[in-house]
Amino acid sequence: MSASVGLNRVLEPAGVLPQAAWRLDASPGIADDEVLIRVERLNLDAASFRQLAGKHSGDGDAVRAEVLEIIGTRGKMHNPVTGSGGMLIGTVEGVGPQSPLGLKPGDRVATLVSLTLTPLRITDGLGDWDGRSEQVPAQGTAVLFARSVAAVLPGDLAPELSLAVYDVCGAPALTDRVVRGYGRDDVTVAVLGGAGKSGSLALTAARLAGARTAGIVVSDAERESLRKAGVADAIAVADARDPVEVSRAVTGALGGPATVTVVCVDVPGCEHGAILSTAAGGTVIFFSMATSFPAAALGAEGLAADVTMLIGNGYVPGHADFAVDLLRRVPAVRALFEERVAAH
């Protein structure tokens, strides 16, 4: 068991799983059930990148230096402020004889587990990255455990596009599951941050599952972007950190509170607005790593809100194929992703 979940890679503190560890052993020699990846590109979690960029006032050199310091110190990309990491793409270089992942040397893959638990070593100083985007060209190695998850990159998508989709593939899959779980045709879904990567896919999944949808965005520019994608029945502009404003926006867009509210905003302070926007007996799904779960729990209690709150943990069986299929089925969403990747 210890090797299958990566306990053999934990340097400190002893006895915890890799995600909870402060420091991992990122050396490239692999155990019998591990896989070695030759890294090509990292995708930093949106909340982590926003925090780093804000801390350094957009100074890309300073952001790059801090990312290198985090990885060098911790043996993984685990932002100590946000607690989040991201994911990566690369090529399989070595496979232990007991690995159950079904990968083989030469496979180009995306890791579908967080960089906060992935042993990672950078060898190029991130010299090809300007520190100004979430996607990071990189050279180095990473290690997958027996209980890791990875997907072979689809041949019809550019690697950068695949990485952007896989980074958020848990959101649409769980949204689909929750909407279908209600088993009725009057479900409404509000997505805070609807114009972003996870938000646009969550809206797409909800609509295809039969829900009436509303995208809540922060600006007119995002409203226009989401309007062109055509995946929301209604769109409203509101600051998701303002509980009253966002509740009014959702109610106005849907004619009442949402059955399901999905939080895809990568800034803190959006918990209470999501709860206030959700109908009694409804569900709030938190997909943002900026979420304060104590604030969510205590806020729901203080509002006497009878809502189920779910942590979007990023994994649902089949989530990678599900997200890629959405991109293929809805060209406007693919265009939205391609524009975002090009902008970075």
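First, a word on what this report is: a plain description of the structure on this page. (Residues numbered from 1 in each chain as written. Predicted model: local features only at pLDDT ≥ 70, side-chain atom pairs only at ≥ 80, totals over all residues. Heavy atoms only, no water.)

### Focus: the overall build of the chain
Consideration 1: The number of helices and strands found in the chain is 11 helices and 14 strands.
Consideration 2: Here the C-alpha radius of gyration of the chain, 20 Å, is about what a compact globule of 344 residues would show, namely 20 Å.
Consideration 3: Each of the three principal axes of the chain carries a C-alpha extent, and together these read 60 × 40 × 40 Å.
Consideration 4: Expressed as a percentage of the 344 residues in the chain, the buried residues total 53%.
Consideration 5: For the chain, restricting intrachain contacts to residue pairs at least 6 apart in sequence, the fraction spanning at least 24 positions comes to 70%.
Consideration 6: Counting 29 positive and 38 negative side-chain charges, the chain places the averaged centre of each group 2 Å from the other. (Helix = DSSP H or I, 4+ residues; strand = E, 2+ residues; numbered from the N terminus. Rg over C-alpha atoms; globule rule 2.2 N^0.38 Å. Buried < 20%, exposed > 50% of the residue type's maximum accessible area, 1.4 Å probe, protein only. Contact = heavy atoms within 4.5 Å. Lys, Arg positive; Asp, Glu negative; His and termini not counted. Charge placed at Lys NZ, Arg CZ, Asp CG, Glu CD.)

### Re the environment of Ala26
Consideration 1: Within the secondary structure, Ala26 is located in the loop between β2 (23-24) and β3 (35-44).
Consideration 2: Look at Ala26 and you get buried, because its relative accessible area is 12%.
Consideration 3: Note: C-alpha distance between Ala26 and Leu42 (16 residues apart in sequence) is 16 Å.
Consideration 4: Once residues lying within four places of it in the same chain are set aside, the contact partners of Ala26 are Arg9, Gly75, Pro119, Leu120, Arg121 and Thr141.

### Notes on the packing of aromatic side chains
Consideration 1: Here the structure, examined in full by the defined rule, presents 1 aromatic pair.
Consideration 2: Ring plane angle 85° and centroid distance 6.3 Å describe the contact between Phe286 and Phe293, whose orientation is recorded as edge-to-face.
Consideration 3: Positioned over the ring face of Trp22 is Arg74, at 3.8 Å from the centre of the ring. (Phe/Tyr/Trp six-rings, centres within 6.5 Å; stacked < 30°, edge-to-face > 60°. Lys NZ or Arg CZ within 6 Å of the ring centre and 35° of its normal.)

### Comments concerning the sheet that holds strand β8 (residues 150-152)
Consideration 1: One open sheet accounts for 6 strands, arranged β6-β7-β3-β4-β5-β8; its pairing is antiparallel. The open sheet terminates on both sides in strands that have one partner only, identified here as β6 (120-122) and β8. If you compare each strand with its neighbour and ignore which way they point, the axes differ by 35° on average.
Consideration 2: Examined bridge by bridge, β3 and strand β7 (residues 135-144) share 8 bridges and lie antiparallel to one another. Bridging from a neighbouring strand, Ile37 pairs with Ala142 of β7. (Pairing = 2+ DSSP bridges. Axes fitted to C-alpha atoms, helices over the stretch in contact; angles between N-to-C directions.)

### Let's talk about the pattern of salt bridges
Consideration 1: Per the counting criterion, the structure on display carries 21 salt bridges.
Consideration 2: Put simply, Arg108 and Glu40 hold a salt bridge, and the shortest N to O gap is 2.4 Å. In this pair, Arg108 is assigned in strand β5 (residues 108-111) and Glu40 in strand β3, connecting sequence segments 68 residues apart.
Consideration 3: Its salt-bridge partner being Arg334, residue Glu338 comes within 3.1 Å of it at the nearest N-O pair. Here the residue Glu338 and the residue Arg334 both occupy positions in helix α11 (residues 331-343), the gap between them amounting to 4 residues, near one helical turn.
Consideration 4: A relative accessible area of 37% means that Glu338 is categorised as partly exposed.
Consideration 5: Here the salt bridges do not stand alone but share partners, grouping Glu134, Asp167, Lys197 and Arg340 into one network. (Salt bridge = Lys/Arg side-chain N within 4 Å of Asp/Glu carboxyl O.)

### Examining the nonpolar core
Consideration 1: Membership of the largest hydrophobic core comes to 50 residues, with the highest contact counts inside it found for Tyr166, Val189, Leu201, Val262 and Phe337.
Consideration 2: If you look at the next biggest cluster of nonpolar residues, it comprises 27 residues, including Leu44, Leu88, Val109 and Ala142. (Core = buried A, V, L, I, M, F, W, Y, C linked by side-chain atoms within 4.5 Å.)

### Let's talk about the sheet that holds strand β9 (residues 188-192)
Consideration 1: Pairing in this open sheet of 6 strands is parallel, and the strands run β11-β10-β9-β12-β13-β14 from one edge to the other. Looking at the sheet topology across the chains shown, the edges are occupied by β11 (234-237) and β14 (308-311). When strand polarity is set aside, the average angle formed by the axes of neighbouring strands in this sheet is 20°.
Consideration 2: For β9 and strand β10 (residues 212-217), the ladder comprises 5 bridges, and the chain directions are parallel. Opposite Leu192, over in β10, you have Ile216 as the bridge partner.
Consideration 3: Packing against the sheet, helix α9 (residues 293-302) makes contact with β13 (278-286) and β14, and its axis sits at approximately 175° to β14.

### Considering the side chain of Ser48
Consideration 1: Along the polypeptide, Ser48 turns up in helix α1 (residues 46-55).
Consideration 2: Residue classification places Ser48 among the buried residues on the basis of a relative accessible area of 0%.
Consideration 3: Leaving out residues up to four positions away in the same chain, Ser48 has contacts with Met77, Asn79, Thr82 and Ser84.

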